[in-house]
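# Structure at a glance
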Amino acid sequence: MSKMAHVIAHIMIIGSVALSNSLMAATWTVNSSDGLREQLLSAGRGDTIVLQDAHYSGNFEITYSLTLQGRQGAYIDALGYGSAITVSASNVVIEGITIQNWGADLYERDAAILISEQTENITINRNKLTGDGFGIRADHSRSLTIIHNQISGNQQLHILDRGDGIYLNRVEQAVIEFNQISHVRDGVYIESSKGSLVANNRFYEQQYGIHYMYSEQDEAYGNVSENVNGGYAVMSSKSVYLHHNRAQNASEYGVLLNITNGARIEFNVLRNIHNPNGQEALGNQGRAMFIYGALDNEIRGNEFAMSDIGIAMAMGGEQNRIYENNFINNNIQVKYVGDELLQWSQAGRGNYWSSYMGWDHSQDGIGDQSYQPNDSMDKLFWRYPEAKFLMNSPVVSLLRWVESQLTVFSASGIKDDHPLMQPFPINHSAELARDVSEFVYEQ
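Residues numbered from 1 in each chain as written. Predicted model: local features only at pLDDT ≥ 70, side-chain atom pairs only at ≥ 80, totals over all residues. Heavy atoms only, no water.

## Things to note about the overall build of the chain
Worth spelling out the cut-off: Note on conventions: DSSP H or I runs of at least 4 residues are helices, E runs of at least 2 residues are strands, and numbering of each starts at the N terminus. Exposure classes here rest on a 1.4 Å probe applied to the protein chains alone. A residue is buried below 20% of its type maximum, exposed above 50%, and partly exposed in between. By the convention used here, residues are in contact when the closest approach between their heavy atoms is within 4.5 Å. Each accessible area is a Shrake-Rupley estimate made with a 1.4 Å probe; only the visible protein chains count as cover when residues are assessed.
The helix and strand tally for the chain stands at 4 helices and 38 strands. In the chain, which comprises 443 residues, the proportion classed as buried is 54%. Partitioning the contacts of the chain with sequence separation of at least 6, the portion at a separation of at least 24 is 50%. On the chain, roughly 19800 Å² of surface is accessible, and the fraction owed to carbon and sulfur atoms is 51%.

Here's what the structure looks like:
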């Protein structure tokens, strides 16, 4: 037989097997806990198991490639122990199921859906998960798709005792989109992973919306974090692209860059970041963005608005490119206590400052006079917070006025040689979540 004939015969065999497998796949219907367990053991690869409108109690494991699908009213109650569903096979779909009351032991990885190691191609779609531990947890797997789920934790627990909504550890190529997550520890926690996409999710009442640790080449856009401690934390990671997200009504910060490099932080809206106790303790205010020991990142086109501090920077965060951002009506536009004079402009374009009082005689959109957002009095109070009782004294007000009239720039701090006269146009609506109805669970 010729080589070409061998190839054709091989292709015919593969096609025949694939057709045979598709013809052999079956759909099974169950309506009891025992029936579900039996069917999970006996189902063939590629089968679909349909859960009728019924109550399924206990813990279940998927050991074959199959689809587990719930009809309206189908729900699993794990009875407060362990994980409700453990996925130990690849090529699995779980959709349309309400899951509740799984275990709260985070050390044992209790979750509504626990994805075992060395699995891939798992899709979790349109489920409603309510419980104490992790909503969805995956370790050392790849190609996960988690979309259109509603995940709720136990708001009676302390925030750090709750599980994360979605927890990924050493996971590659995950897609997390159009989920609504509330009352958990972190909405999405990604550790030691690579190539994730987190898009168009909504996060409420939790520690952080998205939390990256030791991760790389990740992207997040279109997410909304509201009433959280922090919107988006990028820690010890690299090459993260965080764009067109929104954080509002947070108490600590909108975006945190901590020991991170190569990130692009662009076109995010970070508003109303206020620490209710921050005014009593200088250094503890809400920060629209906090840069701590992060180098070689690009921060462009963001809005830092109506917060205690626009950007706070400390401990080696000097080597970043920061330009074409809008600093609007923050109590303190920038807080930087360091010994260097940093230039926040790029190729002749700086940032927009609502507090800038300069002119543009050339009508090119760039202020004629450089801008330094913090005067010597600010730095004095940051270095010596015990002197804060003097902040509103007439003497300090006079010194501030004299310094502003003399336009004396200090040898350290932030300087913008090309301040923008108008806010930089940012198309926030293009990527942000379109409507709350996108996120509402419909079974």
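Okay, back to it.
## A closer look at the pairing of strand β32 (residues 309-314)
Let me state the cut-off plainly: We call two strands paired when DSSP finds no fewer than two bridges between them.
Counting buried residues in β32 gives 5 out of 6 residues, a clear majority hidden from the surface. Looking at chain direction, strand β29 (residues 287-292) and β32 are connected through 5 bridges and run parallel. Across the sheet, residue Phe-290 finds its bridge partner in β32, namely Ala-312. Direction of pairing for β32 relative to strand β35 (residues 332-336): parallel, over a ladder of 4 bridges. Considered in β35, the bridge of Ile-311 is made with Val-334.

## Comments concerning the packing of aromatic side chains
Which entries qualify depends on this criterion: Paired rings are identified among Phe, Tyr and Trp, the last through its six-membered ring, by centres lying within 6.5 Å, and are further divided according to the angle between planes into stacked (under 30 degrees), edge-to-face (over 60) and tilted (the rest). Note on criteria: charge over ring means Lys NZ or Arg CZ within 6 Å of the ring centre, with the direction from the centre no more than 35 degrees off the ring normal.
All told, the structure shown has 9 aromatic pairs when counted by the stated rule. In this structure, Arg-137 is placed above the aromatic ring of Phe-134, and the distance from its NZ or CZ to the ring centre is 5.0 Å. Between Arg-287 and the ring centre of Phe-290, over which it is positioned, the NZ or CZ distance is 4.2 Å.

## Description of the nonpolar core
Under the convention used in this document: Nonpolar cores are built from buried Ala, Val, Leu, Ile, Met, Phe, Trp, Tyr and Cys residues. Side-chain atoms within 4.5 Å join them into one set.
Core analysis: the largest hydrophobic core is formed by 80 residues, its most contacted members being Leu-51, Ile-99 and Trp-344. If near-sequence neighbours (up to four positions away) are discounted, Leu-51 is found in contact with Val-30, Leu-36, Tyr-56, Leu-68, Gln-69, Gly-70, Arg-71, Ala-74, Ile-76 and Ile-97. Leu-106, Leu-114, Met-235 and Ala-312 belong to the second-largest nonpolar core, a separate cluster that totals 16 residues.

## Quick word on helix α2 (residues 33-42)
The condition is simple: Arc definition: it is the arc formed by the directions from the helix axis to the C-beta atoms.
Residues of α2 that are buried include every one of Ser-33, Gly-35, Leu-36, Gln-39 and Leu-40, and no others. Relative to the axis of α2, the buried residues are bounded by an arc of 160 degrees and lie together on one face. Exposed and facing more than 90 degrees away from the buried side of α2 are Asp-34, Glu-38, Leu-41 and Ser-42. Contacts from the buried residues of α2 go to β1 (27-30), β2 (48-51), β3 (55-57), β4 (60-62) and β5 (67-70).

## Concerning the confidence of the model for the chain
Regions with low pLDDT carry predicted coordinates that are not meant to be interpreted in detail. Put simply, the test is: Note on scores: pLDDT gives the predictor's confidence for each residue, bounded by 0 and 100.
On average, residues of the chain score 86 in pLDDT, and 81% of them are at 70 or above. Taken as a whole, residues 395-406 scores under 50 in pLDDT and shows 13 contacts with residues more than four places along the chain or in a different chain. Scored below 50 in pLDDT, residues 430-443 makes 42 contacts in the model with residues more than four places away or belonging to other chains.

## Remarks on unusual backbone geometry
Unlike most non-glycine residues, Ser-236 shows phi in positive territory, near 50 degrees. Among the structural elements, Ser-236 can be located in the loop between β23 (230-235) and β24 (241-243). For Ala-347, which is not a glycine, the phi torsion comes out positive at approximately 50 degrees.

## A closer look at a nonpolar patch on the surface
Quick note on the threshold: To count toward a patch, a residue needs a relative accessible area above 30% and no salt bridge. Like charges then connect within 9 Å, nonpolar side chains (Val, Leu, Ile, Met, Phe, Trp, Tyr) within 5 Å. A pairing counts as a salt bridge when a side-chain nitrogen of Lys or Arg comes within 4 Å of a carboxyl oxygen of Asp or Glu.
On the surface, Ile-259, Tyr-292 and Met-315 cluster together into a nonpolar patch covering about 310 Å² of accessible area. Tracing the chain through its elements places Met-315 in the loop between β32 and β33 (321-323).

## Here we look at the environment of Leu-66
Along the chain, Leu-66 turns up in the loop between β4 and β5. Judged by relative accessible area, which is 2%, Leu-66 ranks as buried. Counting along the chain gives 25 residues from Leu-66 to Asn-91, while the straight-line C-alpha distance between them is 6.9 Å. Setting aside chain neighbours within four positions, we find Leu-66 in contact with Leu-40, Ala-43, Gly-46, Asp-47, Ile-49, Asn-91, Val-92 and Val-93.

## Comments concerning the environment of Ala-250
Following the sequence through the fold, Ala-250 ends up in the loop between β25 (246-248) and β26 (253-258). By relative accessible area, which is 1% here, Ala-250 ends up buried. Separated by 20 residues in sequence, Ala-250 and Leu-270 place their C-alpha atoms 9.1 Å apart.

## Some details on the environment of Ser-83
Put simply, the test is: Any pair of nitrogen or oxygen atoms within 3.5 Å is treated as a polar contact; in protein, a donor-acceptor pairing is required on top of that, and neighbouring residues in sequence qualify only through side-chain atoms on both sides.
Here Ser-83 is to be found in the loop between β6 (75-77) and β7 (85-87). A sequence separation of 28 residues divides Ser-83 from Ala-111, and the C-alpha atoms of the two residues are 4.6 Å apart. Setting aside anything within four residues of it in sequence, one finds Ser-83 in contact with Asn-59, Arg-109, Asp-110, Ala-111 and Leu-114. Within polar-contact distance, the side chain of Ser-83 engages the backbone nitrogen of Ala-111 at 3.0 Å.

## Details of the pairing of β23
Summarising burial for β23: 6 of the 6 residues are buried, a large majority. Taken together, the 5 bridges between strand β20 (residues 208-213) and β23 define a ladder with parallel strand orientation. Bridge pairing in β23 places His-211 opposite Ala-233. Where β23 lies against β26, 5 bridges are found, and the strand directions are parallel.

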